[in-house]
Each structure stands twice: as structure tokens, then as C-alpha cells.
Amino acid sequence: MKMSANYRNRNRGYQSLRVWADAQEYYVATCRVFRNFPFELKRVASQQIASADSVHRNIAEGYCRRSRREYLNFLNYALGSVGESVSGLHAYRKADQISAVNFDRLNALAYKLENGLLRLVEGLEHKQGDEKWEDQLIVKESNLAYGVDSDSEAYRVHQHPNTPTPQA
């Protein structure tokens, strides 16, 4: 069953967050690096992939709990998963289990993701409590975390496909 382009499920608002898209990008990149690990390191690779997978899942689960308090809790779980993943990257690089190129790419993606999550947490912590749940959970993501100005062409090119373009 094909949904209309105007169909909107309020429980899926997290899908419009750039940080959620970044978390999925981080997971995909992690899978590409770790899926070909040798057999004796499969447990290590599996744990690294699981920690990256946990980030986007926690963003979604927290949002779908329909409570700002729980959303913040799950966003902090997501931050913890990124921290776990980054710690692994450093260990695997020191052990020469991943290349410098792969380390740099994954570390840069994780850094961007952490900054986006931190900005989202900060924004939600400053919101007032008398709004509808959807309004409490949506925070305009700071473009500063992504190094772009919302009026720039770079913003329009790099924004998540479900993010509306700001109107003048």
C-alpha cells in the first residue's frame, strides 16, 4: 500500500532529524569496515556494529515513548553508545585492526553525531513543559553543529531529505 506524500505519522517525527540520519550513516559505515573482520575477531566486530546500531534505535525509541523525560534518557543512551563505539575505534586502531583511513572516517562521523546529539539534548532540556508531546520532542537542530548556515546553499544540499527548506 503506497502512502500519499502528504501522509504524516506523528510517531515517526524522529525521521526528520538530521541526527537520526547521521546515526544511520554511522551504522552503515561501521558495517562496511567491520563486516570483513577475520573469524577470530567476529565477536569484536559484532560488538562494534551493535554499538553503532544502538544509536539510531535509541533516538527512535526515545522519541516514540512520547515523553520528553524518556526521550532525553534515550538520547543519553545513544550518546553512551557513540562513546562505546568511539572507544572501540581507538582500541582497534592501536591494535592495527582497522586502517588509519577507516579510523579517521568513522571517528569524524562519530564526532558529528555526538555534537548533533548534544545539541538536541541541550535544546530539549531548555523547552517548556506545557506543550503537546510532539512539540516538546521536536527541536530545530542547530546547523552550527554541521558547520552550515540555514540560508546557505550548502544547507539546502546537505539537509536530510525529509527536512523542510526554511521559508523566507
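The coordinates are above.
Cut-offs used in this document
- Residues numbered from 1 in each chain as written.
- Predicted model: local features only at pLDDT ≥ 70, side-chain atom pairs only at ≥ 80, totals over all residues.
- Heavy atoms only, no water.
- Helix = DSSP H or I, 4+ residues; strand = E, 2+ residues; numbered from the N terminus.
- Buried < 20%, exposed > 50% of the residue type's maximum accessible area, 1.4 Å probe, protein only.
- Contact = heavy atoms within 4.5 Å.
- Areas by Shrake-Rupley, 256 points an atom, 1.4 Å probe, with all protein chains shown as cover.
- Phe/Tyr/Trp six-rings, centres within 6.5 Å; stacked < 30°, edge-to-face > 60°.
- Polar contact = N/O pair within 3.5 Å; in protein donor to acceptor, adjacent residues only side chain to side chain.
- Expected span 1.5 Å × (residues − 1).
- Salt bridge = Lys/Arg side-chain N within 4 Å of Asp/Glu carboxyl O.
- Core = buried A, V, L, I, M, F, W, Y, C linked by side-chain atoms within 4.5 Å.

1. Observations concerning the overall build of the chain
Of the regular secondary structure elements, the chain holds 6 helices and 0 strands. Of the regular secondary structure in the chain, the N- to C-terminal order runs α-α-α-α-α-α. Put simply, the chain has 168 residues, and 43% of those count as buried. Pairs at least 24 apart in sequence give 66% of the contacts found in the chain among residues at least 6 apart. When the accessible area of the chain is evaluated, it comes to approximately 10,100 Å², of which 49% is carbon and sulfur surface.

2. Concerning the packing of aromatic side chains
Following the criterion strictly, the structure yields 6 aromatic pairs and no others. Summarising the aromatic geometry, the rings of Y14 and W20 are spaced 5.3 Å apart at their centres and angled 75° between planes, so their arrangement reads as edge-to-face. Across the pair, W20 and Y14 agree in class, each one buried. Seen in terms of ring centroids, F74 and Y77 are 5.2 Å apart; in terms of plane orientation they differ by 85°. Their pairing is edge-to-face. Residue F74 and its partner Y77 are both found in helix 3 (residues 68-94); the two are separated by 3 residues, about one turn of the helix. When its relative accessible area of 43% is taken as the criterion, Y77 is described as partly exposed. Among the aromatic side chains, those forming a connected cluster through ring pairs are Y14, W20, Y63 and Y71.

3. Regarding the environment of S99
Locating S99 in the fold gives a position in the loop between helix 3 and helix 4 (100-125). Residue classification places S99 among the partly exposed residues on the basis of a relative accessible area of 33%. S99 sits 66 residues away from V33 along the chain, and the two C-alpha atoms are 9.3 Å apart. Within the structure, the side chain of S99 is placed 3.0 Å from the backbone nitrogen of N102, a separation counted as a polar contact.

4. Focus: helix 2 (residues 42-64)
Spanning 23 residues, helix 2 covers 32 Å between terminal C-alpha atoms, matching the ideal 33 Å at 1.5 Å per step. Looking one or two residues beyond helix 2, the residue adopting positive phi is R66, at roughly 65°.

5. Concerning the pattern of salt bridges
Applying the stated rule across the entire model yields 5 salt bridges. Among the ionic pairs, E70 bridges to R65, the shortest N-O distance being 3.0 Å. Assessed through its relative accessible area of 21%, E70 is described here as partly exposed. Several salt bridges share partner residues, and in doing so they unite E61, R65 and E70 into one network.

6. What about unusual backbone geometry?
Phi is positive for R66, which is not a glycine, with a value near 65°. Relative to the assigned elements, R66 resides in the loop between helix 2 and helix 3. With a relative accessible area of 43%, R66 lands in the partly exposed category. Phi angles above zero are rare outside glycine, and D96 is one such case at about 55°. Using a relative accessible area of 61% as the deciding quantity, one classes D96 as exposed.

7. Describing the nonpolar core
In terms of nonpolar packing, the biggest core is built from 38 residues, with F34, I59 and L117 touching the most fellow members. Of all elements in the fold, only helix 1 (18-34), helix 2, helix 3 and helix 4 reach the threshold of two or more residues within this core. Ignoring anything within four residues of it in the chain, the contact list for I59 reads Y14, L17, V19, W20, A23, Y71, L75, A78 and L117.

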